[in-house]
Amino acid sequence: MTVLAYDLGASGGRAIAGRLVGRTIELEELHRFPNDPVEVGARLHWDVLRLYHEIKQGLLKAKHAGRTPDSVAIDSWAVDFGLVGRNGELLGNPYHYRDRHTDGVMEKLFEEGMARETIFSRTGIQFLPFNTIYQLAAMKRDRSPLLREASRFLMIPDLLRYFLTGDMHNEFTNATTTQLYNPLRGGWDEELLAGVGADPSWFGPVLQPGADAGRLRASVAAELGVGAIPVVAAAEHDTGSAVVAVPAASRSFAYLICGTWSLMGTETERPVLDERALALNFTNEGGAFGTYRLLKNIMGLWILQETKRQWEREGANYTYPELVALAERAPAFGAWIDPDDARFLQPGDMAERIRGYCRETGQRPPEGPGGLVRCILESLALKYRYVLELTEQVSGKTFDGLHMTGGGIRNELLCRWSANAIGKPVWAGPAEGSAIGNMAVQWIARGELADVWEARAVIRESFPSAVYEPEDREAWEDAYGTFRRVTGLA
Ligand code: LFR
């Protein structure tokens, strides 16, 4: 049985066909496309119609490769959404979560009496300034005409699935990232919705990962010359799909999903809503098959990606392997940043911001591309150590190593330094975690795999992990102490 997984990330998307042959997963990448945000006036948007076009291209390529799938599913980044009008058409262009219209909105809501404790106890979701709840509040503040015309709210994969099938559904894993979904009550939180001026009638009942989400509508099937292919709701939040694909054998495992973001945490059976989780800003995102993800967002390779883009804007082009090689040759342990400092969230001149951070914290700013990239990668590795320790505290578990998955593991230096920083082995793989997790949910839905633990065993056998054992222990231990001091991470 062939399934097709669309995995959309903040810089590009892929359509990957997966076949389960006995207990081996065979992958075939059929289509890869850029996902460039578009700045119009002061606003940053996603080009969602282009993404839909690319999704159709993926189906066409599948057909031409003789891989017309038995089902398809889509996963993407979280929090962003489109509003659909009464005539069934998309209203406006979805905002990018890095758009500045949410600047200061979260703090304003707290001042106006929506308490952090209340929001957290109702949703279990970490406070990120771009969560859907704050995006809607920003639109309300700006008297967005879309709010007057809206009749349905759909997250990005919900919206693309709607274009394909004509059916509107909200999927669970992504719904939880809005910070408007109450997992304890098992539905949208009407008080929080009212607090940001969102009409509860926009929000539909929530589909669980693995649910049947319709079929290609007749006009789409005819346009592409294929049948009425079934569409499945995967864990449509890419991080949710990625955690399905963590090839853990133990029930108590820590993961780091490594891409534009670094998402570090563990899987739990229920949300952890205590004071410590709130104080440390942990999240409890909904997962597949009744699980939750107790994790923290770490700014991740975004800082490196944006540094590289800025150099390109200035006319200097480097490949990632070149940058990593320069970093490896640069002096060790020169200067560090806290990757999660707010100044690194939005696009711009990262190199300048890194130098500014170092000056403010009494460090000598790194020099040249090698020095800068070394500073970014060491800082990430050291921050991973910090968040892994917090994850142990909040979950009450101890971990004997770290599973790293996602495209970022192609950066072997980062895997190696991560193992050194945490002082435990790193098991790296698979790089295509989100797409594989997306497929696994489709196979489980179809009865081809029994459950997530069988899926993890099959993934472990199909994609053996690379093992990085910690080295240079003493130097990294010292570095960790200094890192915490200069970044103020108590
Ligand atoms: C990773 C991710 C994170 C989410 C961020 C923004 O791709 O989905 O989980 O916090 O993107 O949506």
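Since the structure is predicted, the reported quantities are computational estimates derived from the model, not experimental observations.

Draft legend 1. Examining the pairing of strand β1 (residues 2–8) more closely. Most of β1 sits inside the fold, with six of its seven residues counted as buried. One ladder, built from seven bridges, connects β1 with strand β2 (residues 12–21); its direction is antiparallel. Its bridge partner lying in β2, Ala5 is registered against Ile16. Hairpin connection, β1 to β2: the antiparallel pair is bridged by three residues.

Draft legend 2. Main features of the sheet that holds strand β22 (residues 466–468). Read from one edge of the open sheet, seven strands run β18-β19-β17-β16-β20-β21-β22, paired in mixed fashion. Whereas interior strands pair on both sides, the edge strands pair on one side only; in this sheet they are β18 (283–286) and β22. Direction aside, the axes of adjacent strands within the sheet are offset by 30° on average. Pairing geometry for β18 and strand β19 (residues 292–298), over four bridges, is antiparallel. The residue of β19 that forms the bridge with Asn284 is Leu294. Contacts between helix α15 (residues 368–395) and the sheet are confined to β16 (254–258), β17 (262–268), β19 and β20 (402–405), with β17 contributing the most and set at about 20° to the helix.

Draft legend 3. Summary view of the site of the ligand. Every one of the 13 residues lining the ligand counts as a neighbour, but Trp77, Ala78, Val79, Thr239 and Trp261 are closest to it. Counting contributing residues, the shell around the ligand receives three or more from each of domain 1 (2–238) and domain 2 (247–429 + 450–490).

Draft legend 4. The nonpolar core, seen in detail. Ala73, Val244, Tyr384, Ala440, Val441 and Ala455 are the most contacted members of the largest nonpolar core, which totals 149 residues. For this core, the element with the most residues is α15, which contributes 13 residues. Composition of this core by domain shows at least three residues from each of domain 1 (2–238) and domain 2 (247–429 + 450–490). Setting aside its immediate chain neighbours within four residues, Val244 contacts Ala235, Ala288, Gly437, Ala440, Val441, Val452 and Ala455.

Draft legend 5. Broad picture of the UniProt feature "domain: Carbohydrate kinase FGGY N-terminal" (unreviewed entry) in the protein. UniProt marks residues 3–244 with the feature "domain: Carbohydrate kinase FGGY N-terminal" (unreviewed entry), using the numbering shown here. The annotated region residues 3–244 carries 34% helix and 28% strand content, and the separation between its end C-alpha atoms amounts to 16 Å.

Draft legend 6. Focus on the environment of Gln57. The topology assignment puts Gln57 in helix α1 (residues 48–64). With 15 C-beta atoms packed within 10 Å, Gln57 lands in the partly exposed category. Residues Gln57 and Tyr181, spaced 124 residues apart in sequence, show a C-alpha to C-alpha distance of 33 Å.

Draft legend 7. Expanded view of the sheet that holds strand β8 (residues 90–91). Strand order in this open sheet of three strands is β8-β7-β9, and the pairing throughout is antiparallel. Every interior strand has two partners, whereas the edge strands, β8 and β9 (150–155), have only one. Pairing geometry for strand β7 (residues 81–85) and β8, over two bridges, is antiparallel. Residue pairing in the sheet places Leu83 in a bridge with Leu91 of β8.

Draft legend 8. Representation of helix α19 (residues 473–487) in the model. Spanning 15 residues, α19 covers 21 Å between terminal C-alpha atoms, matching the ideal 21 Å at 1.5 Å per step. Where α19 is buried, its residues meet α15 and α16 (412–422). A positive phi of about 70° marks Gly488, the residue just after α19.

Definitions and limits used
Residues numbered from 1 in each chain as written. Predicted model: local features only at pLDDT ≥ 70, side-chain atom pairs only at ≥ 80, totals over all residues. Buried ≥ 20, exposed ≤ 12 C-beta atoms within 10 Å, placed from the backbone. Helix = DSSP H or I, 4+ residues; strand = E, 2+ residues; numbered from the N terminus. Pairing = 2+ DSSP bridges. Axes fitted to C-alpha atoms, helices over the stretch in contact; angles between N-to-C directions. Contact = placed C-beta atoms within 7 Å. Near = placed C-beta within 6 Å. Domains from an automatic or database assignment. Core = buried A, V, L, I, M, F, W, Y, C linked by C-beta atoms within 7 Å. UniProt positions renumbered as here; feature names shortened; annotations may be inferred. Expected span 1.5 Å × (residues − 1).

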